[in-house]
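Analysis of the macromolecular model
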Amino acid sequence: MTEQTSPFEKEPREIDGFQPGYSEAPYYEYSPPGLRYQECNDIIYPLSSERLTTPAAPSAGPGGANGLYEPPMAESRALPRPPSLSPGLEGSPVIPGQAPLLPPTAPRTPGPWRFIIVVLLIGLILFAGGIATYLVLAAHGGSSSTSPQPTVKASVVVTPGTPDAATSSFHPGPCPFQPGRGIVQGRDLTCGVLTVPEDRSQPQGSTIHLAVAIFKAGTAQTDATPFLYLSGGPGGATLSELGPYISQANLQAVTLGHTFILFDQRGTGYSTPSLYCGEIDRFTQATKDENLSRQASDAQYLQAMRSCHDRLTAEGIHLSAYTTIADAQDVHDLIHALGYRQVNLYGVSYGTRLALTVMRLFPQDLRSVILDSTVPTQSNLFTSFPASMQHAFDTLFKGCQQDALCNESYPNLEATFYRLVDRLNAHPVTFNDLQYGPVLLTGDGLVQWVFTSLYVTSFIPDLPRAISEIDHGQYTLISETYGELLLANDISYGMYYSVECGEDMRYTSLQDLDKTVLVLRPELRAGMQDSLEADYRVCQLWNVPPVPLEQKQPVKSDLPTLILSGEYDPITPTSNALMAQKTLSHSYLFVFPGTGHGVFLTSSCANLIIGEFLDNPQIQPASSCISSMGEPNFI
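Reading guide: rules and limits
- Residues numbered from 1 in each chain as written.
- Predicted model: local features only at pLDDT ≥ 70, side-chain atom pairs only at ≥ 80, totals over all residues.
- Heavy atoms only, no water.
- Phe/Tyr/Trp six-rings, centres within 6.5 Å; stacked < 30°, edge-to-face > 60°.
- Helix = DSSP H or I, 4+ residues; strand = E, 2+ residues; numbered from the N terminus.
- Buried < 20%, exposed > 50% of the residue type's maximum accessible area, 1.4 Å probe, protein only.
- Core = buried A, V, L, I, M, F, W, Y, C linked by side-chain atoms within 4.5 Å.
- Pairing = 2+ DSSP bridges.
- Axes fitted to C-alpha atoms, helices over the stretch in contact; angles between N-to-C directions.
- Parallel < 35°, antiparallel > 145°, perpendicular 65-115°, else oblique.
- Contact = heavy atoms within 4.5 Å.
- Nonpolar A, V, L, I, M, F, W, Y, C, P; charged D, E, K, R; others polar.
- Expected span 1.5 Å × (residues − 1).
- Disulfide = S-S within 2.5 Å.

Structural notes on the packing of aromatic side chains
Applying the stated criterion across every chain, the model contains 18 aromatic pairs. The interplanar angle of 45 degrees and the centroid separation of 5.2 Å between the aromatic rings of Phe 393 and Phe 417 together place this pair among those described as tilted. In this pair, Phe 393 sits in helix α10 (residues 381–402) while Phe 417 sits in helix α12 (residues 413–426), placing the two residues 24 residues apart along the sequence. No difference in accessibility class separates Phe 393 from Phe 417, as the two residues are buried. Where Phe 451 meets Tyr 455, the ring centres are 6.0 Å apart and the plane angle is 75 degrees; that geometry is what we call edge-to-face. The exposure classification of Phe 451 matches that of Tyr 455, with both residues buried.

See below:
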């Protein structure tokens, strides 16, 4: 593979005219059930609306939630806010000499719904054992397999070091995305490319280019330590989904008055080479309304991944070089290539596993760390995914049952849901998604839609009503978000499998995967077992080596660490946060009631706590505002 000539060049996304764009855990500072707290997130953090320039105080007290499925720009709608944007601290990066200008990629301008949902889901929409395949197989299912277990080989953790000036360097250049309204490149925003070795064991080999964007806050801060944001996935794009929607109107709210550094991790987004698999998009779009057997669907999915694998390797891409450890070394190189000594590090979902790896390898680079929706390094998401899913549904149904109005409006919601899953698996229905057209809805597809909706804090109150409507043959609610949640894709599946196959799948067996589904209700087992086994077969095809055993050990650190968890988080429950906290001696854990996946920017309370932590990471931030929060306002 030769060095990329266009660092922002990406694989075309046009596809036939379509552009795809637990254990029970204690709660901290938790208020008694019944105390309502209605948060209007579009006013607090108007990322998709530029009506206000400053956050507004939340309104407390009873009140019905607005309908989540109304037109996205309606004044009355409290739009879900991205949980994964991170604050930072003011300071201008030290940039080396100017590089030759790079031709900017044609700007992509996804609509607000696309941005909102993708940002929420890049937290961990794929980084969950089996969820990658579940997203594309849920409507069809799949067959079982008894393939041999990959052999775990010994390996050595790379010794941390300083970036090699000859191979790791940052060069400014045009932004590959269209900046938001009022954002001026060179004044408010600096973009560029970090060049690093693809394989650091071969420093004279191929190089890769990581797309970087640095937003300068509008007000100066006394502390010049920047804030570096790590997205989820693995494989989630960052610049294309966040960059265009940060504007002068919301710059202060998003950055909390601090320098805000974004970058597309290796293999993702505008970084090159891209490990994006357009083959999966074509498979998804071609079969979204077909009633395939699980066996037929599995076969087509595996063939799509084989085609992607063969194409990437034919391009000379070393799939085994795309790991969390390599990502952590990229973070280290980026910090120092920009001339910084330390950063405040924020990670959401998979980004927390990456942040923990940086804490292990490069602690000297960090002033503080925020782990939002935590994925401990010692966890295995393939084997933990079924329990996380069951816990998510149990939380939803218990929440509705304990809410007098919800229980009266939707009695026996739990029984209704599981009965509906069986009915739709036996007799699927076709409804018309407002953006993606005809979609076949199976029971597995319903399970995945409800599960994924629980990521989005603002969607949670509407789920009981949506389930009830589907049970009565009405599909208005699901038709407005199904496609955006399950069909829209800006995920690099190649990066996902390069990381996940070596990091978790190599440390489990097919027999272990089959045992994990026993924690699920019978109605959920077949679909989950199929998706896990499909991922197992893809990982055999991907054939990347296991990560070092050290990477699977708990991270021990005394760095100041803020840990955030949402009560309704369907994929990284609070038990994950407690697991990570055991070996983080200087950490503060807060659980937010009524909150889904990713806590940041879901409420003013979360951001007050984050801001106070950034001001003085050595002291536990006050959290009395959590006692003003309550359960979802089910409608």
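The structure having been displayed, the exposition proceeds.
Quick word on the nonpolar core
Judged by nonpolar contacts, the single largest core of 119 residues is most densely connected at Phe 393 and Trp 449. Within the second largest apolar cluster, 38 residues are counted, among which are Leu 189, Leu 242, Phe 600 and Met 629.

Some details on the pairing of strand β10 (residues 429–433)
Both β10 and strand β11 (residues 437–441) contribute to a ladder of five bridges, which runs antiparallel. Its bridge partner being in β11, Val 429 is matched across the sheet by Leu 441. A loop of three residues connects β10 with β11, the two strands running antiparallel in sequence.

Considering the packing of helix α13 (residues 443–453) against helix α15 (residues 476–486)
Where α13 contacts α15, the axes come no closer than 10 Å and their chain directions differ by 80 degrees. Regarding the angle of α13 to α15, the classification is roughly perpendicular. Every residue of α15 that contacts α13 at Gly 445, Gln 448, Trp 449, Thr 452 and Ser 453 is listed here: Leu 477, Ile 478, Thr 481, Tyr 482, Leu 485 and Leu 486. Its residues assigned to classes, the contact of α13 with α15 comprises six nonpolar, five polar and no charged.

Considerations on α15
At 3.6 residues per turn, the α-helix brings residues three or four places apart onto the same side. Within α15, nine of the eleven residues are buried, which leaves it mostly tucked inside the rest of the structure. Inspection of α15 places Leu 477, Ile 478, Ser 479, Thr 481, Tyr 482, Gly 483, Glu 484, Leu 485 and Leu 486 among the buried residues, and these make up the whole buried set.

Considering α12
Along its 14 residues, α12 runs 20 Å from first to last C-alpha, staying within 8% of the 20 Å computed at 1.5 Å per residue. Within α12, burial applies to Leu 413, Thr 416, Phe 417, Tyr 418, Leu 420, Val 421 and Leu 424.

Here we look at the sheet that holds strand β5 (residues 207–215)
On the basis of which strands lie adjacent, the open sheet formed by nine strands has the order β3-β4-β5-β7-β6-β8-β9-β12-β13 and mixed pairing. If you trace the sheet from one side to the other, it starts and ends with β3 (169–173) and β13 (587–592), each paired once. Pairs of neighbouring strands in the sheet enclose a mean axial angle of 20 degrees, with direction left out of account. Summarising the sheet, strand β4 (residues 189–197) and β5 pair through nine bridges and their orientation is antiparallel. Bridging from a neighbouring strand, Cys 191 pairs with Ala 213 of β5. The strands that helix α19 (residues 574–581) touches are β12 (561–566) and β13; relative to β13, the one it contacts most, it runs at about 175 degrees.

Brief notes about the state of the cysteines
A covalent bond bridging the sulfur atoms of two cysteines is what the word disulfide describes. A complete count under the given rule lists five disulfides for this structure. Two residues, Cys 277 and Cys 308, share a disulfide whose sulfurs are 1.9 Å apart. Measuring handedness by torsion sign, the sulfur bridge of Cys 277 and Cys 308 sits at about -70 degrees and is left-handed. Here Cys 277, found in the loop between β7 (260–263) and α6 (278–287), pairs with Cys 308, found in helix α7 (residues 294–314); they are 31 residues apart in sequence, far enough to count as distant. The exposure classification of Cys 277 matches that of Cys 308, with both residues buried. By sequence-ordered numbering of the bonded cysteines, the chain has its disulfides arranged as 1-2, 3-4, 5-6, 7-8, 9-10.

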